Amino acid sequence: MPKVKFVDLGQQYFSHRSEILNKFDELSLGGQYVLSDELTVFEQNFSHYCGTPYSIGVANGSDALLLSMLALGVGPGDEVITAPNSFIATAWSIARTGATIVFCDVDQSMNLDPEQLPNKITERTKAIIPVHLTGRVADMNAILQIAKLYDLIVLEDAAQAVGASYHGQRAGSFGHAAAFSLHPLKNLHVHGDGGVITTSDKALYEKLLQFRNHGLSDRDTCVFWGMNSRLDSIHAGIANIKLPHLDAMNSRFRQFAKQYSDRLSPYVCVPEHTENELPVYHRYMIRHEQRNALQDYLATVGIETKINYQVPLHLQPAAAELGYSYGDFPVAEQLAQTILSLPLNYEMTSDQIEYVSEHVIRFFSQ
Ligand SMILES: *Cc1c(COP(=O)(O)O)cnc(C)c1O
């Protein structure tokens, strides 16, 4: 057993146990297990939280990306630009639409580099997917300006950024649509898979309601071939219980992150953000050339760490057909070799943050 766990889901369940059990009882007795009032209430709550008029609960964050693109008309012959240092789903959801994935390197913020973005745009470019990695919103002013200039769709991959803001505006409210994940490792999570799409486009919202439900406009009429990708009532119920606690959780993450950074900034590269940003630290990610040795050392003293992510998307076996090679995206490649995510979860204590910090410092003082 590690002394400091990376996450502690059981502990988080414990804090909401009776509320969740009561909700489970209520929904189970009610019998509306899919497309229920509970889901509608969650969608309203989530929209209100993000500052967007519409939300659509779907089966997972990956489907949130895929369905958004399909509903926005992305398909074969199109190119979609995204960052090479994201989770696999950002890439496969593009591939699944039939469009071509085009990677653009990130800058030191770890998010899409707006300066390089125009070089990747061709007459086939249809959309840009900025990823708000680790819960820090990408440079949306610059990205939206470029998208407007070239008439491109912007789909935010906000899977890691629920609650994060940029110039006072919440993640998920910048693009034509945004995809969120309710996966157990995300800041707002359910007890299984779940996802949400936000948008301010009413027509897109109505199309997505049908898309996630087989393309049905009513019980007997299928207006186009859709998918079965809905957020279950039980999960919507759990999300409704947790959403009111999200801001407190995110601010505790920021507090812990500050504690880490205050201690560690003389030794490693710590995460930064501008005054106009409020990140949510889905991950607290440090960088150092001796990352591997540091990770091994921390494991020997019971500290669990992770690398998000070890292999950039353009170097995955699945991406071979795209023809990229090592050296194409130097910043993303450098990040993959130097990043390390330290334990950060709501159930931790500041003593544990101190314990981890002390061992990081001890490693560099050897
Ligand atoms: C988690 C995640 C996804 C996918 O979400 P799932 O709910 O696991 O399908 C997509 N993009 C990013 C950046 C993620 O972190």
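Residues numbered from 1 in each chain as written. Predicted model: local features only at pLDDT ≥ 70, side-chain atom pairs only at ≥ 80, totals over all residues. Heavy atoms only, no water.

**Details of a nonpolar patch on the surface**
Consideration 1: On the surface, Y33, V34 and L35 cluster together to form a nonpolar patch covering roughly 260 Å² of accessible area.
Consideration 2: Positionally, L35 belongs in the loop between helix 1 (9-30) and helix 2 (37-50).
Consideration 3: In this structure L35 comes out as partly exposed when scored by relative accessible area, which is 34%. (Patch = residues over 30% accessible without salt bridge, like charges linked within 9 Å, V, L, I, M, F, W, Y side chains within 5 Å. Areas by Shrake-Rupley, 256 points an atom, 1.4 Å probe, with all protein chains shown as cover. Salt bridge = Lys/Arg side-chain N within 4 Å of Asp/Glu carboxyl O. Helix = DSSP H or I, 4+ residues; strand = E, 2+ residues; numbered from the N terminus. Buried < 20%, exposed > 50% of the residue type's maximum accessible area, 1.4 Å probe, protein only.)

**Some remarks on the site of the ligand**
Consideration 1: Neighbouring residues of the ligand: 16 residues in total, closest G61, S62, D157, S181 and K186.
Consideration 2: Residue S181 places a side-chain N or O atom 2.6 Å away from an oxygen atom belonging to the ligand.
Consideration 3: K186 is positioned such that a nitrogen or oxygen atom in its side chain is 3.0 Å from an oxygen atom of the ligand.
Consideration 4: Among the elements of the structure, helix 3 (61-71) and helix 4 (88-97) are those that each provide at least two residues to the shell around the ligand.
Consideration 5: Classifying every residue of the shell around the ligand gives five nonpolar, nine polar and two charged. (Near = heavy atom within 4 Å. Polar contact = N/O pair within 3.5 Å; in protein donor to acceptor, adjacent residues only side chain to side chain. Nonpolar A, V, L, I, M, F, W, Y, C, P; charged D, E, K, R; others polar.)

**Brief notes about the pairing of strand 2 (residues 79-82)**
Consideration 1: Burial along strand 2 is two-sided: E79 and I81 facing one way and V80 and T82 facing the other are all buried.
Consideration 2: Summarising the sheet, strand 2 and strand 3 (residues 100-103) pair through four bridges and their orientation is parallel. Residue pairing for strand 3: I81 is matched across the bridge by V102.
Consideration 3: On the question of chirality, the crossover connecting strand 2 to the parallel strand 3 by way of helix 4 is right-handed.
Consideration 4: Bridge analysis of strand 2 against strand 4 (residues 125-129) gives four bridges, and the strand direction is parallel. Within the sheet, the bridge partner assigned to E79 lies in strand 4 and is T125. (Pairing = 2+ DSSP bridges. Right-handed = clockwise from strand over helix to strand, strands pointing away.)

**Topic: the sheet that holds strand 7 (residues 169-170)**
Consideration 1: As summarised here, the arrangement of the three strands in space is 7-6-12, forming an open sheet in which the pairing is antiparallel. Each edge of the open sheet carries a strand with a single partner, namely strand 7 and strand 12 (277-278).
Consideration 2: Strand direction decides the pairing type here: strand 6 (residues 165-166) and strand 12, joined by two bridges, are antiparallel. By the bridge assignment, S165 is partnered in strand 12 with L278.

**With respect to the packing of helix 1 against helix 8 (residues 233-242)**
Consideration 1: Close contact between helix 1 and helix 8 brings their axes to 9 Å; oriented N to C, the two are set at 135°. Of the possible angle classes, the one that applies to helix 1 and helix 8 is oblique. Both helix 1 and helix 8 take part in a crossing whose hand is right-handed. Here Q12, H16, E19, I20, K23, F24, L27 and S28 of helix 1 lie close against helix 8, whose contacting residues are S233, I234, G237, I238, I241 and K242.
Consideration 2: Classifying every residue of the contact of helix 1 with helix 8 by side-chain character gives six nonpolar, five polar and three charged. (Axes fitted to C-alpha atoms, helices over the stretch in contact; angles between N-to-C directions. Parallel < 35°, antiparallel > 145°, perpendicular 65-115°, else oblique. Left-handed = near helix turned anticlockwise from the far one by under 90°. Contact = heavy atoms within 4.5 Å.)

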